[in-house]
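Reading the structure
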Amino acid sequence: MSGSAKAALVAEGLRKTYGSETALDGFDLVVPEGTVCALLGPNGAGKTTAVRILSTLLKPDGGRALVAGHDVTREAAEVRRNIGVTGQYPAVEEILTGRENLEMWGRLYHVGRREAQRRTEELLEQFDLTEAADKRLKHYSGGMRRRLDLAAGFFTVPKVLFLDEPTTGLDPRNRNEVWKMVRSMVEQGTTVLLTTQYLEEADRLADQISVIDAGRGVVEGTPETLKSLVGGDRIVVTLAGTADLAAAAAQVARFTGTEPEVDAEARRIDAPVRDRVGDLVEIVQMLRGQGHGVVDVSLRRPTLDDVFLHATNRAGRRKEPVG
Amino acid sequence: MMAVLGRARWAVTDGWVVGRANMINWRRNPGLIFYCMMFPIMTVVFGYVFGSAMSVAGGGDYREFLMPGLFGQAMMFGVVTSMLAVTSAVSRGVTDRFRSMPMAQSGVALGRSFADMFSSLIELTILLGCGLLVGWRWHEGPGKALAALGLLLLWRYSLIWVGIYLGLLLPPEAAGAAYVPLLPLTMLANTFVSPEKMPGWLGAIAEWNPLSSTVSACRELFGNPGVTGGSWVAEHAIELAVAWPVLLLVLFVPLSVRRYRTLSR
């Protein structure tokens, strides 16, 4: 396959429908070797379907995909030799201990009993499970299960690792732990494709983000490029009362030339600015001059939330601009 | 040829690895044994309650007649055990992990069948003990008795594969409700009553129920009452007790493996 010698993963025009529902509608993706790519999108956007096709669990209705250089439909067995998969729910056997789980998965990778045992000890260490190794899974916390699940997916140091919402349902401390683990896997040369609903996760882990909505990629790039897509810095002004919020927003709109986003409950007006400090001073002076009570003002860089809202700009999903 | 042999070897090895993990259930879940004893204990009660009230076609003791029927029925109920185990593994995502691995694609189903066979052995042993307690005996020597047990286990093994297939096909709720259609299926046979004592059309259906062949063959081999000739099915009970399970295996092993490979939810 020319032009993608350095790509660990290539998807071209993947399509999948379930009855009348279109889950994937011409999905494209290229992930270079040794990088982390995040598929970002709302529930039902097609993220999981994409991962299931790429990890040979599901057949696409159209398009094609190469993982580690092998076609996912025609060379599924070859693909399976090169991937690790961690689903949305930890896929581990409840009745077994952590160590037994890993040894079993290892044996099924056909590495031999002794190698399975050796690697198991290594993984228990790496994923910080040595102490709990001989406890049965029912005594594991959610974070421990997740780590064991990751360890199982990482048994053979796969070329490509799929993580479907790896931190959904975890508390911040465990989420940080998982992020740390994922980074250590990437350091060992694994390419990671992860799906997430958390912008922070994509921002923290990914070299490349693909925002997916209604079954197709809507925008793609590094976290930085994506942020620059939605424009530069923004000013956030909080007023004392709600009565004059609309009037103040109209003032700001006239000044910046674009409709600001207004959060009535928080009494906040959020608008793009070109000259950070200059615009801030002028807007505040203007508002106070008109008799609006300004209680707080701040500048912020755009977040992936902004990217997400712009990219998936569908009816009802966007914060309504005041009109 | 070597490649095929190599594949078969991995299928069995992987099946063993998966099956052994499932068998650990028995050691760690002593409650399971208790659960498994419930049915045999019910059986003993059954034998006593109905023992005196029922008469057997061709004469003989009802308890002696009933036990092979209950053995066959218990083996048939195993279909639900397998279904539940499979649907639960699928819904927990464990099956997906197996499917994304470079292991033998038939290994998971094979492992399930090994583990369930192991459970069946335990269950059948308990049942035999209970049968002996209520006065059931074999009369044709240990050789034929073992042959009968072999037929029961063959019957069970074929149904494990039916259960695996249905478990891969149906959602967990449906698997849980499987007893509802299964119970009449196990009764519409020669389990409790000889088909000759049923209305003609019902008797014909009961006679052709594959369960009836296994039960008849067992009665014959154990030397228990209720073996009545006449119809072609009844005359060929032992042959059919082999043929039906083999037919089920020929159908459901490939179906299950294929279904497993193309599983997508």
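Residue positions within a chain follow its written sequence, with the count starting from 1. Throughout, the order in which chains and ligands are written sets their labels, letters from A for the former and numbers from 1 for the latter. pLDDT decides what is reported in this predicted model: residues at 70 or higher carry local features, side-chain atom pairs at 80 or more are listed and counted, and totals for whole chains, interfaces and linings draw on all residues regardless. Values reported for side chains reflect all heavy atoms of the structure, with hydrogen atoms and water molecules removed beforehand.

Under an unreviewed UniProt entry, chain B has the name Transport permease protein and belongs to Streptomyces curacoi.

We count it as follows: UniProt positions are given in the numbering used here, feature names are shortened, and annotations may be inferred rather than shown by experiment.
The name that an unreviewed UniProt entry assigns to chain A is ABC-type xenobiotic transporter, with the source organism given as Streptomyces curacoi. Regarding chain A, the relevant UniProt record gives this comment under Sequence similarities (unreviewed entry): "Belongs to the ABC transporter superfamily. Drug exporter-1 (DrugE1) (TC 3.A.1.105) family."

1. Considering the overall build of chain A
Counted only if it meets this: Segments assigned H or I by DSSP are reported as helices when at least four residues long, segments assigned E as strands when at least two residues long, and all are numbered from the N terminus. Under the scheme applied here, a residue whose accessible area is under 20% of the maximum for its type counts as buried, over 50% as exposed, and between as partly exposed, the area being computed with a 1.4 Å probe on protein chains only. Contact definition: two residues touch when any of their heavy atoms are within 4.5 Å. For the area figures, the Shrake-Rupley method with a 1.4 Å probe applies, and any residue is considered shielded solely by the protein chains shown. The charged-residue count follows a simple rule in which Lys and Arg add positive charge and Asp and Glu add negative charge, with His and chain termini not counted at all. To locate a charge, take NZ of a lysine, CZ of an arginine, CG of an aspartate or CD of a glutamate.
Across its full length, chain A carries 11 helices and 14 strands. A principal-axis box enclosing the C-alpha atoms of chain A has dimensions of 80 × 45 × 35 Å. Every one of the 323 residues in chain A was classed for burial, and the buried ones make up 52%. Of the contacts formed within chain A by residues at least 6 apart in sequence, a portion of 68% connects residues at least 24 apart. Per element, the accessible surface of chain A, about 14600 Å² overall, is 47% carbon and sulfur. Each charge class in chain A can be summarised by its mean position, and for the 43 positive and 47 negative side chains these summaries are 3 Å apart.

2. Re the UniProt feature "domain: ABC transporter" (unreviewed entry) in chain A
The residues that UniProt annotates with the feature "domain: ABC transporter" (unreviewed entry) are residues 9-239 of chain A. Its end C-alpha atoms 49 Å apart, residues 9-239 of chain A is made of 35% helix and 29% strand.

3. Here we look at the confidence of the model for chain A
Any residue range with low pLDDT should be treated as having predicted coordinates unsuitable for detailed reading. All names here are of chain A. We count it as follows: Each residue gets a pLDDT score, which is the predictor's confidence in that residue and runs from 0 to 100.
Mean pLDDT over chain A: 88, with 95% of residues reaching 70 or higher. Note on residues 1-5: pLDDT is under 50 here. Beyond four places in sequence and across chains, it has five contacts. In this model residues 314-323 is a low-confidence stretch, pLDDT under 50, and it forms 17 contacts with partners more than four residues away in sequence or in other chains.

4. Some words on the sheet that holds strand 8 (residues 191-196) of chain A
All names here are of chain A. Inclusion rule: By definition, two strands form a pair when at least two bridges between them are found by DSSP. Simply put, an axis is a line fit to the C-alpha atoms, just over the touching stretch for a helix, and the angle between two N-to-C directions goes from 0 to 180 degrees.
Judged by pairing direction, the sheet is mixed, and its six strands sit side by side in the order 6-7-8-3-9-10 without closing on themselves. Here the strands that pair on one side only, and so sit at the sheet edges, are strand 6 (83-86) and strand 10 (216-221). Taken pair by pair, the neighbouring strands of this sheet meet at an average axis angle of 15 degrees, ignoring direction. Both strand 7 (residues 160-164) and strand 8 contribute to a ladder of five bridges, which runs parallel. Considered in strand 8, the bridge of Val160 is made with Thr191. Sitting on the sheet, helix 1 (residues 47-54) is in contact with strand 3 (36-40), strand 7, strand 8 and strand 9 (208-213), with an inclination near 150 degrees to strand 8.

5. Let's talk about the side chain of Lys47 of chain A
All names here are of chain A. The condition is simple: In protein, a polar contact means a hydrogen-donor-capable atom and an acceptor-capable atom, both N or O and within 3.5 Å, with residues adjacent in sequence counting only if both atoms are side-chain atoms; elsewhere, any N or O pair within 3.5 Å suffices.
Note that Lys47 resides in helix 1. The buried category is assigned to Lys47, whose relative accessible area is 3%. Polar side-chain contacts of Lys47 include one of 2.7 Å to the backbone oxygen of Gly41. A distance of 3.2 Å separates a polar side-chain atom of Lys47 from the backbone oxygen of Pro42. Non-local contacts of Lys47, meaning those with residues more than four positions away in its chain, are made with Leu39, Leu40, Gly41, Pro42, Glu165, Thr195, Thr196, Gln197 and Ile212.

6. Concerning a negative patch on the surface
The test is simple: Like charges are joined within 9 Å and nonpolar side chains (Val, Leu, Ile, Met, Phe, Trp, Tyr) within 5 Å, but only among residues with over 30% relative accessible area and no salt bridge; these make up the patches. Between Lys or Arg on one side and Asp or Glu on the other, a salt bridge is scored when a side-chain nitrogen of the former is within 4 Å of a carboxyl oxygen of the latter.
Negative charge collects at one region of the surface, where Glu140, Glu220, Glu235 and Glu239 of chain B lie side by side. Residue position: Glu239 of chain B is located in helix 12 (residues 237-262).

7. A closer look at the pattern of salt bridges
Using the criterion set out here, one finds 25 salt bridges over all chains in the structure. With its nearest N and O atoms 3.7 Å apart, the salt bridge here joins Arg92 of chain B to Glu93 of chain A. Residue Arg92 of chain B is found in the loop between helix 3 (62-91) and helix 4 (94-99), and its partner Glu93 of chain A is found in the loop between strand 6 and helix 3 (98-108); the two belong to separate chains. With relative accessibility at 10%, the residue Glu93 of chain A sits in the buried group.

8. Things to note about the nonpolar core
Keep this limit in mind: In this text, buried Ala, Val, Leu, Ile, Met, Phe, Trp, Tyr and Cys residues form a nonpolar core when linked through side-chain atoms within 4.5 Å.
Counting 118 residues, the largest nonpolar core has Leu108, Phe127 and Ile209 of chain A together with Phe98 of chain B as the members making the most contacts within it. Leave out the neighbours within four places in its chain, and Phe127 of chain A touches Arg147, Leu150, Ala151, Phe154, Met181 and Met185 of chain A. One finds Leu39, Ala50, Val72 and Phe162 of chain A within the second-largest nonpolar core, a separate group that totals 27 residues.

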